[in-house]
Amino acid sequence: MPSASRRSQQSASWQDKLEEVCRDYQISPPDYQLVSDRRGGRTAWSSVVHVYGQRFQARYWYDGNNLNNAREDAAEAAFLWLNSSQ
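The structure contained in this document is the topic of the report that follows.

## Topic: the pairing of strand S3 (residues 54-57)
Here strand S2 (residues 42-51) pairs with S3 via 4 bridges, running antiparallel. Its bridge partner lying in S3, Val51 is registered against Gln54. In textbook terms, the turn of a hairpin is the stretch between consecutive antiparallel strands, and for S2 and S3 this stretch comprises 2 residues, one of which, Tyr52, has a positive phi near 55°.

Below, the structure written as structure tokens:
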């Protein structure tokens with residue numbers, strides 16, 4: 001892999017990496033869902049992504065200002081699973 005391509009892949013978000021690997025494997029693009037849990041006076045948010053018939057849950061719960069972090073967390077889990085099954 002050329003170094004310029006490797007650098008851009010390293011700086012890409014997990015969501016971008018997951019979409020790219022789905023295209024490479026010719027499978028449906030990831031489908032994200034946000035989930036919430038009311039905790040006292042606040043709401044915690046997490047994310048689930050469905051890829052290739054599998055469901056991947058974000059590892060952590062996030063504040064509402066960090067919803068993208070929840071999607072990144074779930075995308076990372078799915079990306080790592082897809083790459084480990086090569």
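Anyway, onward from the coordinates.
## Let's talk about unusual backbone geometry
The residue Gln26 is not glycine, and still its phi comes out positive at about 55°. Along the chain, Gln26 turns up in the loop between helix H2 (14-25) and strand S1 (31-39). The exposure class of Gln26 is exposed, given its relative accessible area of 74%. A positive phi angle, near 55°, is found at Tyr52, a position not held by glycine. Tracing the sequence through the fold places Tyr52 in the loop between S2 and S3.

## Examining the nonpolar core
Counting residues in each nonpolar core, the largest one holds 13 residues, and the members touching the most others are Leu18, Cys22, Val49, Val51, Ala78 and Leu82. Listing elements by their share of this core, those giving two or more residues are H2, S2 and helix H3 (67-84). The element best represented in this core is H3, accounting for 5 residues.

## Concerning the environment of Asp37
Relative to the helices and strands, Asp37 resides in strand S1. Sequence-distant contacts of Asp37, that is, excluding residues within four places in its chain, are made with Arg42, Thr43, Ala44 and Trp61. Polar side-chain contacts of Asp37 include one of 2.9 Å to the side chain of Arg39.

Rules behind the numbers
Residues numbered from 1 in each chain as written. Predicted model: local features only at pLDDT ≥ 70, side-chain atom pairs only at ≥ 80, totals over all residues. Heavy atoms only, no water. Pairing = 2+ DSSP bridges. Helix = DSSP H or I, 4+ residues; strand = E, 2+ residues; numbered from the N terminus. Buried < 20%, exposed > 50% of the residue type's maximum accessible area, 1.4 Å probe, protein only. Core = buried A, V, L, I, M, F, W, Y, C linked by side-chain atoms within 4.5 Å. Contact = heavy atoms within 4.5 Å. Polar contact = N/O pair within 3.5 Å; in protein donor to acceptor, adjacent residues only side chain to side chain.

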